[in-house]
Amino acid sequence: MIKRYFSSIVLLLTILTAGAESVTSPNGRLAVDVGLAQGAITYSLKSDGQMLTGPNTCSMTVGGTTLGRNIAQFSVTTGSRNINRDTPFYRQRAVSARCNTLTVHCGDYDVEFAVFDDGAAYRFVTRLPGQVQVQADESHFALDKGSQLWYGPMPKNMYTSFESMYQHQAFSTLDTAQLLSPQVLVELPCGKRLLLSDYNVVDYAGWLLQADGTGLHAVYARYPRQERVLGATGTQRMVASREPYIARTGGTRAFPWKMMLVADSDAQLLTSTVPACLADSCQIADTRWIKPGLVSWEWWNCYGLKGVDFKPGVNTATYKYHIDFASQYHIPYILIDAGWTEPGVPLNLLKIRPEVDLPALVDYGRQRGVGILLWSDAWPLDSNMEQVCRVYSEMGIKGFKIDHMNRNDQPVVDFMQRAAATCARYHLMVDFHGCMTPAGLQFTWPNVVNFEAVWGAEHTKFKSYHGDMLVNDLVIPFIRQVVGPVDYTPGAMRNATRADFKIDTREPMSLGTRSREIAKYVIFEAPLGMLCDSPTSYEQEPACTDFISRIPTTWDETRVVKASVGHYVVLARRKGSTWYIAGMNDWQARDITLDLTGFNAASAILFKDGRLAESVATDFVVDNEVPTVIPVKVHMAAGGGFAMMLTTR
């Protein structure tokens, strides 16, 4: 028996060394070839026989021992896995997928590969005693030198809110000292797309990527040793020094997935379900209390209520006005942003400033069907999380917008997990701001309904604004949004052409047409969808406000109509029996034709660019008599868009 076992090891060693051990996707188009080179595991990813990335190396150094190298004995198993999960707060109501697996067993650890029809991933699974330190995590993705990359630049000190404008650059010209965003989209010379990201990051650190001349490799922030306090309220923390390891964690566990999504076209990226399949299962038994929806919000518009008989600001009268507005348009929430607590260092979340009668506002909102969300800094919340959640849950608050983490090292990842779990116990929703990009947390703890980590509308307020926001908007759905929702905060009623746009902190504006701004509510996935402008601005635009208020924030089904990264995107999304179709454009005007017969449409309302939209960005037309039995032609102005609502037969 022992002799037969070692014979099988020799046979498998020969197979792996020859690079012949392979696992394919269920449809047979993708393949991961796993090999052994000088005792180290290597793998390659192919699509229709074409090399996408590889040969790649992967290893982890845990407790001073490097896993994935110096392999003497191992075995290999293959299998398949069916994934079925409800995803009620997502781009589709449920996810159903299948993957084939290959696992290399190396004694007290495994290297597991999973191959889906539209992507592949691998991870290490260890069975080591006690607690361990991870000193290194090597992930390298070899790339063809003719590749083009879409990425967001990241700072060398890794102190970042993960908000950067995307850049498009030839791989061969990348600065090898530049850190790249956690998600990078690779346009390969063969025409395929490859989106790289880590996923299901739990009790660990998130990665950044970096070019090295032959490909991209992962870079991790090491565990903080000392922190220094930043910010006027002393609520932000930058790392002053770090330990010589990435993470300290349990030795028996599955580590995060390294994910490689594959697409034949840009459009295919927009509906990938691989991230949902790689996340841990939902930890909330009954999610019926989680109720996403639109939110009236005051920070972006600087409390910009006009024509009122009180001074707008952080006070009870201002928030009552927001509640009345929200109630009128059946908007389920308002958000009270920073300033509702008494000033102090450190910030005490249990001390409410006298100008804000929060219990009275909760009661006022309850009578009108409007809930209240509160902004919170991360570290003051962490210092007293249980009591803060209990007090405000009992008061009737519906959730927290948690801000200013600005890192993705292990303590921040752990904080976000802890906040999600604690808020869930008290039936509180969470919108993370100043945070790392989503890495599966929203599926495991679906009360986490949104993440910022995107170059969104707030940047149009600041003098630091640069680049072309309008084109950047047309990259977000193909990269950042693939891994999770984006709190972009659309809804500006002051819209500007490229010639007219300017920075105005008090009365900010958006770049592009009014119709484009409304299209964002369909195209950007945000279970808590912010209305960034002031109630009085919306009241002056009832046609727009009525249309926005009827757009859902979660979806039962999503279809891609037409898409090209950085140029245009047209999506169709269904909620119940109603379809919403929306498009956004770059600076080139386009005419598109929509065939509505596949949507079983009985009637349609079209919100589109007006004839003057290219010179007067606020110009729009609402067509309430759109024919549904013949193809519909829609003109998108330069910097424009449209939104359509279909009722079905």
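Now for a description of the structure that goes with this document. Predicted, not measured: the structure shown is a model, and the values here were computed from it.

### Details of the overall build of the chain
Of the regular secondary structure elements, the chain holds 13 helices and 38 strands. On C-alpha atoms alone, the chain measures out to a radius of gyration of 25 Å, which is about the 26 Å that the 2.2 N^0.38 rule sets for 649 residues. On the principal axes, the C-alpha backbone points of the chain span a range of 90 × 60 × 45 Å. For the chain, the computed accessible surface area is about 23,800 Å², with 50% contributed by carbon and sulfur atoms. Of the charged side chains in the chain, 60 are positive and 64 negative; the average position of the first set lies 3 Å away from that of the second.

### A short note on the sheet that holds strand 31 (residues 557-564)
Reading across the sheet, the 6 strands line up as 31-32-33-38-35-36 and stay open at both edges, with antiparallel pairing between neighbours. The sheet is open, and its two edges are formed by strand 31 and strand 36 (620-623), each paired on a single side. For this sheet, the mean inter-axis angle between neighbouring strands, taken without regard to orientation, is 10 degrees. With 7 bridges connecting them, strand 35 (residues 601-609) and strand 38 (residues 641-648) associate as antiparallel partners. Its bridge partner being in strand 38, Ala-604 is matched across the sheet by Leu-646. Along the sheet face, helix 11 (residues 514-523) touches strand 32 (568-575), strand 33 (578-585), strand 35, strand 36 and strand 38 and points at about 125 degrees away from the line of strand 33. Across the sheet, helix 13 (residues 542-549) touches strand 35, strand 36 and strand 38, and the angle it forms with strand 35 is around 130 degrees.

### Thoughts on the environment of Trp-299
Its place among the elements puts Trp-299 in the loop between strand 22 (293-297) and helix 4 (316-328). Trp-299 sits in the partly exposed class, given a relative accessible area of 25%. Through-space distance from the C-alpha of Trp-299 to that of Ile-605 is 31 Å; in sequence the pair is 306 residues apart. Non-local contacts of Trp-299, meaning those with residues more than four positions away in its chain, are made with Asp-337, Glu-458, Lys-461 and Phe-462.

### Brief notes about the layout of surface pockets
By volume, the largest pocket amounts to about 720 Å³. Surrounding the largest pocket, 36 residues form its lining, Trp-299, Asp-403, His-404, Glu-458 and Phe-462 being those nearest its centre. Elements with a minimum of two residues in the lining of the largest pocket: strand 24 (371-377) and strand 25 (399-403). For the lining of the largest pocket, the class distribution of residues is 12 nonpolar, 16 polar and 8 charged. Quantified by volume, the second largest pocket comes out at close to 390 Å³.

### Some words on the environment of Leu-36
Among the structural elements, Leu-36 can be located in strand 2 (residues 30-37). Spatially, the C-alpha atom of Leu-36 lies 8.6 Å from that of Ile-71, the residues being 35 residues apart in sequence.

### Quick word on the nonpolar core
Nonpolar side chains tend toward joint burial in soluble globular proteins. Membership of the largest hydrophobic core comes to 205 residues, with the highest contact counts inside it found for Leu-149, Ile-402, Phe-415, Met-416 and Phe-432. A total of 9 residues in this core trace back to one element, the largest contributor, which is helix 8 (residues 410-425). When neighbours within four sequence positions are excluded, Phe-432 is seen to be in contact with Ile-402, Met-405, Phe-415, Met-416, Ala-419, Leu-441, Val-448, Asn-450, Phe-451 and Glu-452. Core analysis: the second largest hydrophobic core is formed by 18 residues, Ile-592, Phe-599, Ala-604 and Leu-646 among them.

### Focus: helix 4
A rise of 1.5 Å per residue sets the reference length of helix 4, with its 13 residues, at 18 Å; its end C-alpha atoms lie 18 Å apart and thus fit the reference within 8%. Restricting attention to buried positions, one finds in helix 4 the residues Thr-316, Thr-318, Tyr-319, His-322, Ile-323, Phe-325 and Ala-326. A positive backbone phi angle near 55 degrees is found at His-330, which sits one or two residues after helix 4.

### Here we look at the packing of helix 4 against helix 5 (residues 358-367)
At a minimum axis separation of 10 Å, helix 4 and helix 5 run at an interaxial angle of 15 degrees. In terms of orientation, helix 4 and helix 5 fall into the roughly parallel class. By crossing handedness, the relation of helix 4 to helix 5 is classed as right-handed. Contacts between helix 4 and helix 5 involve Thr-316, Tyr-319, Lys-320, Ile-323 and Asp-324 from the first element and Leu-361, Tyr-364 and Gly-365 from the second. Looking at side-chain class alone, the contact of helix 4 with helix 5 contains 4 nonpolar, 2 polar and 2 charged residues.

Conventions and cut-offs
Residues numbered from 1 in each chain as written. Predicted model: local features only at pLDDT ≥ 70, side-chain atom pairs only at ≥ 80, totals over all residues. Heavy atoms only, no water. Helix = DSSP H or I, 4+ residues; strand = E, 2+ residues; numbered from the N terminus. Rg over C-alpha atoms; globule rule 2.2 N^0.38 Å. Areas by Shrake-Rupley, 256 points an atom, 1.4 Å probe, with all protein chains shown as cover. Lys, Arg positive; Asp, Glu negative; His and termini not counted. Charge placed at Lys NZ, Arg CZ, Asp CG, Glu CD. Pairing = 2+ DSSP bridges. Axes fitted to C-alpha atoms, helices over the stretch in contact; angles between N-to-C directions. Contact = heavy atoms within 4.5 Å. Buried < 20%, exposed > 50% of the residue type's maximum accessible area, 1.4 Å probe, protein only. 1 Å grid on protein atoms, 1.4 Å probe; cavity = no way out; pocket = protein on both sides within 12 Å on 5 of 7 lines; lining within 4 Å. Points joined across faces, edges and corners; volume = space filled by probe spheres on them. Nonpolar A, V, L, I, M, F, W, Y, C, P; charged D, E, K, R; others polar. Core = buried A, V, L, I, M, F, W, Y, C linked by side-chain atoms within 4.5 Å. Expected span 1.5 Å × (residues − 1). Parallel < 35°, antiparallel > 145°, perpendicular 65-115°, else oblique. Left-handed = near helix turned anticlockwise from the far one by under 90°.

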